[in-house]
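Examining the three-dimensional arrangement
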Amino acid sequence: MKGCGKRIGPFACCTVVQGDCLKLMQQLPENSVDAVIVDPVWPHCPKGLLRGSENPELLFAKFCEFLPKGIRQLVVEMSNNSDPRMLSFVPKYLGFQQVGWCQYVMPGFIGRVLGGNECIYAFGKAIAVQDGRRVVPSVSPKAQPDKWRSVNGVKHPCSRALTHQLWVVNWFSDIGEVVLDSFCGAGTTLIAAKSLGRHFLGFEIEKKYCVIARERLARTEPIPQMRRGKSNSNFEYFNILEK
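In what follows, the accompanying structure is described. Here the structure is a predicted model, which is why all the values come from computation and not from measurement.

**Notes on the overall build of the chain**
- Scanning the chain from terminus to terminus reveals 6 helices and 11 strands.
- When contacts within the chain are restricted to residue pairs at least 6 apart in sequence, long-range pairs at least 24 apart make up 72% of them.
- As displayed, the chain offers around 11,400 Å² of accessible surface, 53% of which is attributable to carbon and sulfur atoms.

**Here's the deal with helix α3 (residues 162–172)**
- With 11 of 11 residues buried, α3 is to be regarded as a mostly interior element.
- Restricting attention to buried positions, one finds in α3 the residues Leu162, Thr163, His164, Gln165, Leu166, Trp167, Val168, Val169, Asn170, Trp171 and Phe172.
- Packed against the buried residues of α3 are β4 (35–38), β5 (73–79), β6 (96–102), β9 (118–124) and α4 (188–195).

**Overview of the layout of surface pockets**
- Here the largest pocket is characterised by a volume of approximately 620 Å³.
- In terms of lining residues, the largest pocket is bounded by 34 residues, among which Asp39, Val41, Leu50, Arg51 and Phe183 are the most central.
- Put simply, the parts of the chain that give the lining of the largest pocket at least two residues each are α1 (21–24) and α4.
- Of the residues in the lining of the largest pocket, the class split is 16 nonpolar, 10 polar and 8 charged.

**Here we look at the nonpolar core**
- Judged by nonpolar contacts, the single largest core of 65 residues is most densely connected at Val36, Phe63, Leu74 and Phe203.
- It is α3 that contributes the most residues to this core, 7 residues altogether.

**Let's talk about the sheet that holds β5**
- Taken together, the 7 strands give an open sheet; going across it, the order is β3-β11-β10-β4-β5-β9-β6, and neighbouring strands pair in mixed fashion. Because the sheet does not close on itself, it has two edges, and the strands there are β3 (15–18) and β6. Across the sheet, the mean angle separating the axes of adjacent strands is 20 degrees when strand polarity is ignored.
- Contacts from α4 reach β3, β4, β5, β10 (178–181) and β11 (199–204) within the one sheet, and its direction differs from that of β11 by about 170 degrees.

**Some points on the packing of aromatic side chains**
- Considering all chains together, one arrives at 5 aromatic pairs under this definition.
- Look at Phe60 and Phe63: their rings are 5.5 Å apart centre to centre, the planes differ by 35 degrees, and that puts the pair in the tilted class. Of this pair, Phe60 and Phe63 both sit in helix α2 (residues 56–65), separated by 3 residues, roughly a single helical turn.
- Accessibility expressed as a relative area gives 0% for Phe63, which makes it buried.
- Centre to centre, the rings of Phe96 and Phe123 are 5.6 Å apart; their planes meet at 70 degrees, and the pair counts as edge-to-face. Of this pair, Phe96 sits in strand β6 while Phe123 is found in strand β9, placing the two residues 27 residues apart along the sequence.
- Among the residues examined, Phe96 registers a relative accessible area of 53% and is labelled exposed.
- In this structure Phe123 comes out as buried when scored by relative accessible area, which is 8%.
- Pairwise contacts between aromatic rings join Phe60, Phe63 and Phe183 into one cluster.

**Some points on the packing of α3 against α4**
- For the pair α3 and α4, the least separation of the axes is 8 Å and the interaxial angle reads 55 degrees. If you check the angle between α3 and α4, you find them oblique. You can see that α3 and α4 cross each other, and the crossing is right-handed. Contact residues: α3 offers Leu162, Gln165, Leu166 and Val169, while α4 offers Thr188, Thr189, Ile191, Ala192, Ala193 and Ser195.
- Residue classes in the contact of α3 with α4 are distributed as 6 nonpolar, 4 polar and no charged.

Here is what the cut-offs are and how they apply
- Residues numbered from 1 in each chain as written.
- Predicted model: local features only at pLDDT ≥ 70, side-chain atom pairs only at ≥ 80, totals over all residues.
- Heavy atoms only, no water.
- Helix = DSSP H or I, 4+ residues; strand = E, 2+ residues; numbered from the N terminus.
- Contact = heavy atoms within 4.5 Å.
- Areas by Shrake-Rupley, 256 points an atom, 1.4 Å probe, with all protein chains shown as cover.
- Buried < 20%, exposed > 50% of the residue type's maximum accessible area, 1.4 Å probe, protein only.
- 1 Å grid on protein atoms, 1.4 Å probe; cavity = no way out; pocket = protein on both sides within 12 Å on 5 of 7 lines; lining within 4 Å.
- Points joined across faces, edges and corners; volume = space filled by probe spheres on them.
- Nonpolar A, V, L, I, M, F, W, Y, C, P; charged D, E, K, R; others polar.
- Core = buried A, V, L, I, M, F, W, Y, C linked by side-chain atoms within 4.5 Å.
- Pairing = 2+ DSSP bridges.
- Axes fitted to C-alpha atoms, helices over the stretch in contact; angles between N-to-C directions.
- Phe/Tyr/Trp six-rings, centres within 6.5 Å; stacked < 30°, edge-to-face > 60°.
- Parallel < 35°, antiparallel > 145°, perpendicular 65-115°, else oblique.
- Left-handed = near helix turned anticlockwise from the far one by under 90°.

In structure tokens:
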């Protein structure tokens, strides 16, 4: 997979790197990443579904230990019924910003809990103040679950909705910044970053999911207004469809 020509330490920017993120993150130079946006293994993930599901809290603690120095923003995404207490591992220098709500058109039930929505927990410093971007919202547009095609019959079991990731990337990073997803899975956050004119880097431990992410990214182009570096607060999320 070809990158944009920029390098982030030993890695080509705008690519997906296969490997253990805990090892790869230690190779990132200081001030090389602006925003880290991750959907880690959730505390209640069924054992064996994903690598790291045997102890998600320990995995997240190590992830926080190896966060690249100098990041402006950290965003962690979890379901609304995920226990947020593991967020206590987030370094104190990244002050708490807000909780956001990523909605679906039709929520579901998880036992007696009305679930199926997701929360984002934002830490660090907010995006630059610009016209149309003075107040950072806390509620996303409602999304339909994505139905993108599998690659060689393989799909990721926990993929995110592109509508949500476009909203997250838009409001928690700026054009031209470097967005890192250390648990990139099928690459939806990276697709949002590429669509919105961000540099990006994804780490994924499973080869089969790297293949999916790379193929999806190969079909993605920045939307025209992002190529021109214009304000990105008013585009229609629902009009950005994956090819």
